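Observations on the model geometry
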Amino acid sequence: MKRLVYLSLILLLLAATFAACGRRRAEPTPEPVSVEAGLPTSAMEIANARGLTPEDINAALKTYVPSGKWDDYLMFTSGGHSGQLIVIGIPSMRILKNIAVFTPESWQGYGIGGSESEAILNAGNVRGRTIRYGDTHHPALSETGGDYDGQFVFINDKANARIAVVDLRDFETKQIVKDPNLISNHGSTFVTPNTEYVVQGSQYATPLGWEYAPIEEYKEKYRGLITLWKFDREKGRIDVENSFSIEVPPYWQDLCDAGKLESEGWAFCNSFNSEMATGGIEEGNPPFEAGASQRDTDYLHIFNWRKAAEVVAAGKAEVINGMQVIRMPTAVEEGILYLAPEPKSPHGADVTPDGKYIVVSGKLDPHVTVYSFAKIQQAIADQNWELDEFGIPVLDYDAVRHAQVELGLGPLHTVYDDKGFAYTSLFLDSAVAKWKLGGEDPEAYQLVEKLPVQYNIGHITAAEGDTVSPDGLYVVALNKWAVDRFAPVGPLLPQNEQLIDISGDAMKVIYDMPMGIGEPHYAQIIKADKIQAWNTYPEVGWDPVAQAPSEFATKPGEERIERNGNQVEVFMTAVRSHFTPERVMVKKGDHVIWHITNIETAHDATHGFQLGGHNVSLSLEPGETATFELDVDQDGTFTFYCTEFCSALHLEMAGYLLVEP
Ligand code: RUQ
Ligand code: CUA
């Protein structure tokens, strides 16, 4: 707090100085300082030399993090169809890590060549087909009491309906699960307030299990699902056996959010193809984008996940492809599933921090629509509904809609601050709209300000902005297009993540960050000190996949090569600057199981391991024991070496794999 006051004082002073400097600029512009004259030293000279405005200086002061200092927040942003998850410091907007999730990554030694992490990826294979890409959209940090707890982060793969678990002790992917009944998801991932479940909503409807069914049988056979993946915090894994799905109509469900506080136990997903358009422009049907936009309203799906879990426990679910599924008639009968009309082609459904309201944005409607959870409960109690064609109660729109605010064109997603404001991305306007939440008074909901962003904003995120206690301070606009913002790098451009200062009365863009390694969709921003990451593994000989001591841990002096028939097992250590053993001799046709323990305990003393010609790449963090397996089917002379420049004699950290014919 003291630091904040102090900082604002400095900022005020500097602002005053530069305001003065700005005025002075109206007089003849000073010549830029030439390099021969020596580097400029005073702040003002630098500003003049670089043509910086007082606003620029302000932004620079707010975002600069000096060497040796850390960022206050970490942002976890999806990497889109790079299949990864990217960690960025705020306010500096420096990339700290690109966590490999659905795509193999050679630096982290993830998912390559017979390694244990390849087994994690293999668990996400689809019907036996190796899948090595993903489309990550929505990271969800684990929560306790509706607040981020910094333990885990989950993310979906939209393309293949998979969910991944990343452990934030070592920032590594631990598990990938595949929904056996879906081929695409989107409203994922979102967690319930104590991370009991990781929520996944489907996107494009298919028959459950995606087996063939003629598209003419769309209404009868095609379905969506809301899947609640049970999370076992102790084990740090999704517990597939205790997970379940709720069958929903083929309305193309979109984003979801879990209720909290007042609405805890419920969750909300919207949808955008209640028309049930099936395409087929080739046959004279309207194209998807028109067919799915004919009606004035689609449906907000409202479901009681607590009740659903009870219904599953009572044995009322049906097992489909090994997954418990609550069929639609059961969901209706048990009071688990309701719908409410929502304006045209909705996208985001975002629960307010107090859990009392759900904000829905219609892509083709200039308003955001605010639903009241209390009114929803009242409408359910009053049975104030009509049935849709699948027999699901559609609550009366006027009874559940609480307020509407006109914000502008293409509202998509909404996040919140600590002062009662909401921030909505406006895709078509390329703007962020700040508006006031009005609580019980529908008239008090009002647009406050709009800030242009560059350009085509998709998601928006705020510091802890979707928890029960948002922090304010920062919003990040995740812009789809950068166009003219950065130096040209060819036709595929980075995206533009813009940091916005929301601490004052007026919003201000204070940083443009080119995102050149993926397409971020959603991101979440957590206070950095909530994350208790390990500097080194807790014990030398640690298995990061099991997060436990490895049975293959090798101590110095215990290195060996054991042969058993044509199976060869290598127990190797790595330390600055050698691998022991340095020579591994095998015969063509052997099966090699190779364990390497990095016996270092020093912070940052990572070694790498790559084996020429064998598609093997490992990253061995201090204390880690890693294993890979190899069928040596070619004789020859191969080399392996450490890929991290770990010491002055790093180049000497190498060895031979000799394969005798
Ligand atoms: S989204 S297109 Cu979250 Cu707006 Cu996936
Ligand atoms: Cu170890 Cu280079």
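Rules behind the numbers
Starting afresh in each chain, residues are numbered from 1 along the sequence in its written order. Here the convention is simple: chains get letters from A, ligands get numbers from 1, in the order in which they are written. Residues qualify for local features only when their pLDDT is at least 70, as the model is predicted, and side-chain atom pairs are given and counted only at 80 or more; totals for whole chains, interfaces and linings, by contrast, use all residues. Each side-chain value is derived from all of the structure's non-hydrogen atoms; neither hydrogens nor water enter the calculation. UniProt positions are given in the numbering used here, feature names are shortened, and annotations may be inferred rather than shown by experiment. The secondary structure listing takes helices from DSSP runs of H or I that are at least 4 residues long and strands from runs of E that are at least 2 residues long, numbered from the N terminus. For a compact globule the rule gives 2.2 Å times the number of residues to the power 0.38, and the radius of gyration it is set against comes from C-alpha atoms. Here's how the labels work: a residue is buried when its accessible area is under 20% of the maximum for its type, exposed when over 50%, partly exposed in between, all with a 1.4 Å probe on protein chains only. By the convention used here, residues are in contact when the closest approach between their heavy atoms is within 4.5 Å. Exposure was quantified through the Shrake-Rupley algorithm and a 1.4 Å probe, taking into account, for residues, occlusion by the shown protein chains and nothing else. Scored between 0 and 100, pLDDT is the confidence that the predictor attaches to each residue. As used here, the term nonpolar core means buried Ala, Val, Leu, Ile, Met, Phe, Trp, Tyr and Cys residues forming a set that is joined through side-chain atoms within 4.5 Å. Polar contacts, as counted here, are pairs of nitrogen or oxygen atoms within 3.5 Å of one another; within protein the pair requires one atom able to donate a hydrogen and one able to accept it, and residues that are adjacent in sequence qualify only if both atoms are side-chain atoms. Two cysteine sulfur atoms form a disulfide, by the criterion used here, when they sit within 2.5 Å. What goes into a patch is any residue over 30% in relative accessible area without a salt bridge, connected to like charges within 9 Å or, for nonpolar side chains (Val, Leu, Ile, Met, Phe, Trp, Tyr), within 5 Å. Salt bridges, as used here, are contacts in which a Lys or Arg side-chain nitrogen is within 4 Å of a carboxyl oxygen on Asp or Glu. Strand pairing is defined by DSSP finding a minimum of two bridges between the two strands. In this analysis an axis means a line fitted to C-alpha atoms, helices contributing only their contacting stretch, and an angle means the value between N-to-C directions, from 0 to 180 degrees. Where each domain starts and ends comes from a domain assignment, either automatic or drawn from a database. Defined here as a combined quantity, buried area equals the accessible surface (1.4 Å probe) lost by two parts on assembly, summed across both. In this count, Pro and Cys sit with the nonpolar residues alongside Ala, Val, Leu, Ile, Met, Phe, Trp and Tyr, while Asp, Glu, Lys and Arg are called charged and the others, Gly among them, polar. Aromatic rings from Phe, Tyr and Trp, taking only the six-membered ring of Trp, are treated as a pair when their centres fall within 6.5 Å; an angle between ring planes under 30 degrees marks them as stacked, one over 60 as edge-to-face, and anything in between as tilted. Geometrically, a lysine NZ or arginine CZ counts as sitting over a ring once it is within 6 Å of the ring centre and also within 35 degrees of the ring normal.

As recorded in an unreviewed UniProt entry, the protein goes by Sec-dependent nitrous-oxide reductase and comes from Litorilinea aerophila. The record in UniProt for the protein states the following under Subcellular location (unreviewed entry): "Cell envelope".

1. Examining the overall build of the protein
Counting secondary structure elements, the protein contains 10 helices and 45 strands. Computed over its C-alpha atoms, the radius of gyration of the protein comes to 28 Å, within 12% of the 26 Å expected for a compact globule of 661 residues. Across its three principal axes, the protein shows a C-alpha extent of roughly 80 × 80 × 50 Å. Going through the 661 residues of the protein one by one, you find that 56% of them count as buried. In the protein, of all internal contacts separated by at least 6 residues, the share reaching a separation of at least 24 is 61%. Put simply, the protein shows about 27800 Å² of open surface, and 53% of that area lies on carbon and sulfur atoms.

2. Remarks on the confidence of the model for the protein
Per-residue confidence for the protein gives a mean pLDDT of 93; residues scoring 70 or more make up 94%. Here residues 1-28 is modelled with pLDDT under 50, and outside its nearest four sequence neighbours on either side it reaches 20 contacts, counting other chains as well.

3. Looking at the nonpolar core
Ranked by size, the top nonpolar core spans 37 residues in total, and within it Leu 228, Phe 244, Ile 246, Phe 303, Ile 326 and Ile 336 carry the most contacts. Element by element, the count of residues in this core is highest for helix H7 (residues 305-313), at 5 residues. Sequence-distant contacts of Ile 336, defined by excluding residues within four places in its chain, comprise Ile 246, Ile 302, Phe 303, Asn 304, Lys 307, Ala 308, Val 311, Ile 326 and Ala 331. Residues Ala 574, Phe 609, Leu 620 and Phe 638 belong to the second largest nonpolar core, which totals 26 residues.

4. Quick notes on the side chain of Asp 590
Structurally, Asp 590 can be placed in the loop between strand E39 (583-587) and strand E40 (591-598). You can call Asp 590 buried: its relative accessible area is 3%. Within the structure, Asp 590 has its side chain in polar contact with the backbone nitrogen of Lys 587 (distance 2.7 Å). The contact partners of Asp 590, leaving out residues within four places of it in the chain, are Arg 563, Asn 566, Val 568, Leu 630, Asp 631 and Val 632.

5. Focus: the state of the cysteines
Here the structure, examined in full by the defined rule, presents 1 disulfide. Disulfide partner of Cys 256: Cys 269, at an S-S distance of 2.1 Å. Judged by the sign of its S-S torsion, about 105°, the bond between Cys 256 and Cys 269 is right-handed. In this pair, Cys 256 is assigned in strand E13 (residues 253-258) and Cys 269 in strand E14 (residues 266-271), connecting sequence segments 13 residues apart. For the pair shown, Cys 256 and Cys 269 are each scored as buried.

6. Looking at a nonpolar patch on the surface
Together, Leu 409, Phe 427 and Leu 428 make up a nonpolar patch on the protein surface, roughly 280 Å² of accessible area in all. Structurally, the position occupied by Leu 428 is in the loop between strand E26 (421-426) and strand E27 (431-436).

7. Concerning the environment of Val 468
By secondary structure assignment, the location of Val 468 is in the loop between strand E29 (457-462) and strand E30 (474-479). Of the residues examined, Val 468 reaches a relative accessible area of 22% and is grouped as partly exposed. As for Val 468 and Tyr 416, which are separated by 52 residues in sequence, their C-alpha atoms are 9.7 Å apart. Leaving out residues up to four positions away in the same chain, Val 468 has contacts with Gly 145, Gly 146, Asp 147, Lys 260, Leu 261 and Pro 353.

8. Concerning the sheet that holds strand E19 (residues 346-351)
Sheet strands pair via backbone hydrogen bonds, and the direction of the pair is either parallel or antiparallel. Across the sheet, 4 strands lie side by side as E19-E20-E21-E24; this open sheet has antiparallel pairing. With one partner strand each, in any of the chains shown, E19 and strand E24 (401-406) form the two edges of the open sheet. When strand polarity is set aside, the average angle formed by the axes of neighbouring strands in this sheet is 20°.

9. Re the domain arrangement of the protein
The domain architecture assigned to the protein consists of domain 1 (2-63), domain 2 (73-278 + 290-530) and domain 3 (542-660). For domain 2 and domain 3, the distance between their C-alpha centres works out to 41 Å. If you look at the interface, domain 2 gives 16 residues, while domain 3 gives 18 residues. Buried surface at the junction of domain 2 and domain 3, summed over both partners, amounts to about 1200 Å²; 40% is from carbon and sulfur atoms. Considering only the side of domain 2, the residues that lose the most area to domain 3 are Ile 112, Gly 113 and Glu 116, jointly responsible for 36% of the buried surface there. Applying the counting rule to domain 2 against domain 3 returns 0 salt bridges. The interface formed by domain 2 and domain 3 contains 7 residue pairs in polar contact (both at pLDDT 80 or more). Looking at the side of domain 2 that touches domain 3, the elements that each hand over two or more residues are helix H4 (116-122) and strand E7 (172-178). A class-by-class count of the residues in the side of domain 2 that touches domain 3 yields 3 nonpolar, 6 polar and 7 charged.

10. Some points on the packing of aromatic side chains
Overall, the coordinates contain 26 aromatic pairs when judged by the stated rule. Between the aromatic rings of Trp 252 and Phe 272, the centroid separation amounts to 5.7 Å while the plane-to-plane angle is 75°, which identifies the pairing as edge-to-face. Of this pair, Trp 252 sits in the loop between strand E12 (237-248) and E13 while Phe 272 is found in the loop between E14 and helix H6 (288-291), placing the two residues 20 residues apart along the sequence. Taken individually, Trp 252 and Phe 272 each receive the classification buried, so the pair is uniform in this respect. The cationic tip of Lys 230 hangs over the ring face of Tyr 197; the distance from NZ or CZ to the ring centre is 4.9 Å. The ring of Phe 272 carries the charged tip of Lys 363 above its face, separated from the ring centre by 4.4 Å.

11. Side note on the pattern of salt bridges
Throughout the structure, instances matching the rule amount to 27 salt bridges. Asp 167 serves as the salt-bridge partner of Arg 169, at 2.8 Å between the closest nitrogen and oxygen. Judged by relative accessible area, Arg 169 falls into the partly exposed class, the value being 32%. Classification of Asp 167 by relative accessible area gives buried; the value is 3%. Salt-bridge contacts for Lys 344 lead to Asp 296; the nearest nitrogen and oxygen are separated by 4.0 Å. Within this pair, whereas Lys 344 is found in the loop between strand E18 (337-343) and E19, its partner Asp 296 is found in the loop between H6 and strand E15 (297-304), the two being separated by 48 residues in sequence. Each of Arg 223, Glu 247, Glu 318 and Arg 327 takes part in a single network of salt bridges with overlapping partners.

12. Describing the sheet that holds strand E31 (residues 495-501)
Sheet architecture is open: 4 strands sit in the order E29-E30-E31-E32, paired in antiparallel fashion. Across the chains shown, the open sheet's two edge strands, defined by having one partner strand only, are E29 and strand E32 (508-515). When the angles between neighbouring strand axes are averaged without regard to direction, this sheet yields 20°. Bridge count for E31 against E32 is 7 bridges, and the pairing is antiparallel. Bridged to Leu 499 within E32 is Tyr 511. Set on the sheet, helix H3 (residues 54-63) makes contact with E30, E31 and E32; between it and E32 the angle comes to about 65°.

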